[in-house]
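# Tertiary structure, described
The chain contents come next:
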Amino acid sequence: MNVFIQAWYNNFWVRFTASILLFILYPLSLWLALKPLDHYVFSITLNDKIVHFIVFLGFAVLMDIALANKNYWLWVGLPLIAYGALIEVLQSFTPYRSFSFWDWVADSLG
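Conventions used here
- Residues numbered from 1 in each chain as written.
- Predicted model: local features only at pLDDT ≥ 70, side-chain atom pairs only at ≥ 80, totals over all residues.
- Heavy atoms only, no water.
- Helix = DSSP H or I, 4+ residues; strand = E, 2+ residues; numbered from the N terminus.
- Buried < 20%, exposed > 50% of the residue type's maximum accessible area, 1.4 Å probe, protein only.
- Contact = heavy atoms within 4.5 Å.
- Areas by Shrake-Rupley, 256 points an atom, 1.4 Å probe, with all protein chains shown as cover.
- Axes fitted to C-alpha atoms, helices over the stretch in contact; angles between N-to-C directions.
- Parallel < 35°, antiparallel > 145°, perpendicular 65-115°, else oblique.
- Left-handed = near helix turned anticlockwise from the far one by under 90°.
- Nonpolar A, V, L, I, M, F, W, Y, C, P; charged D, E, K, R; others polar.
- Core = buried A, V, L, I, M, F, W, Y, C linked by side-chain atoms within 4.5 Å.
- Phe/Tyr/Trp six-rings, centres within 6.5 Å; stacked < 30°, edge-to-face > 60°.
- Lys, Arg positive; Asp, Glu negative; His and termini not counted.
- Salt bridge = Lys/Arg side-chain N within 4 Å of Asp/Glu carboxyl O.
- Polar contact = N/O pair within 3.5 Å; in protein donor to acceptor, adjacent residues only side chain to side chain.

## Comments concerning the overall build of the chain
Summing up its helical and strand segments, the chain has five helices and zero strands in all. Secondary structure elements in the chain, listed N-terminal to C-terminal, are α-α-α-α-α. Scored against the burial criterion, the 110 residues of the chain give a buried share of 29%. Restricting the contact set of the chain to residue pairs at least 6 apart, pairs at least 24 apart contribute 67%. Looking at the chain as shown, the accessible area adds up to about 7500 Å², and 75% of this sits on carbon and sulfur atoms.

As structure tokens, this is what we get:
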């Protein structure tokens, strides 16, 4: 790995900032995932699966930065796959959302 990138990954403030962003974005994403779709102020013109992929890719990058030098699949991959499954299962209990296997696949690929 490039020396600059390695130093950046190991910088306390970079890792701390990534951790704070995750602390804010995880509950926000769960809240948004469980809200009725008609209450969104904006409209998403992208394919739903692309949005799932991009959001979880962002989570993976932030978690990789926050948890630098940890086993990636154990500390980032598996928790994100479980979080995507949790969101889909919780959506199945709402009257206005439903479980989607393909949304979970898109989450997992991100």
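## Thoughts on the packing of helix α2 (residues 12–34) against helix α3 (residues 48–66)
Relative to each other, α2 and α3 sit at 140 degrees, their axes nearing to 8 Å. Accordingly, the angle class assigned to the pair α2 and α3 is oblique. Judged by the sense of rotation from one axis to the other, the crossing of α2 with α3 is left-handed. Facing V14, R15, A18, S19, L21, L22, L25, Y26 and S29 of α2, the residues of α3 in contact are F59, L62, M63, I65 and A66. Each residue belonging to the contact of α2 with α3 can be placed in one class, and the counts come to eleven nonpolar, two polar and one charged.

## Remarks on the nonpolar core
If you look at the biggest cluster of nonpolar residues, it comprises 15 residues, and the most contacted ones within it are L22 and L80. Mapped onto this core, the elements with two or more residues apiece are α2, α3 and α4 (72–92). In terms of residues, this core owes the most to one element, α3, which gives seven residues. The residues contacting L80, other than those within four sequence positions of it, are Y26, F56, F59, A60 and M63.

## Describing the packing of aromatic side chains
Per the stated rule, a full pass over the model turns up eleven aromatic pairs. Summarising the aromatic geometry, the rings of F12 and W13 are spaced 4.9 Å apart at their centres and angled 80 degrees between planes, so their arrangement reads as edge-to-face. Comparing F12 with W13 shows no difference in burial state: the two are exposed. Seen in terms of ring centroids, F101 and W102 are 5.1 Å apart; in terms of plane orientation they differ by 75 degrees. Their pairing is edge-to-face. Accessibility expressed as a relative area gives 57% for W102, which makes it exposed. Chaining the aromatic ring pairs together yields one cluster made of Y26, F56, F59 and Y83.

## Quick notes on the packing of α4 against helix α5 (residues 101–109)
α5 packs onto α4 with a crossing angle of 155 degrees between their chain directions and a minimal axis gap of 9 Å. Taken together, the axes of α4 and α5 lie roughly antiparallel to each other. Between α4 and α5 the crossing geometry is right-handed. For the pair α4 and α5, the contacting residues are I81, G84, A85 and E88 in the first and D103, W104, D107 and S108 in the second.

## Section: the side chain of R97
Inspection of the secondary structure assignment puts R97 in the loop between α4 and α5. Although R97 is buried, it forms no salt bridge, and the closest oppositely charged side chain is D103 at an N-O distance of 6.8 Å. In this structure the side chain of R97 is engaged in a polar contact, spanning 3.3 Å, whose partner is the backbone oxygen of K35.

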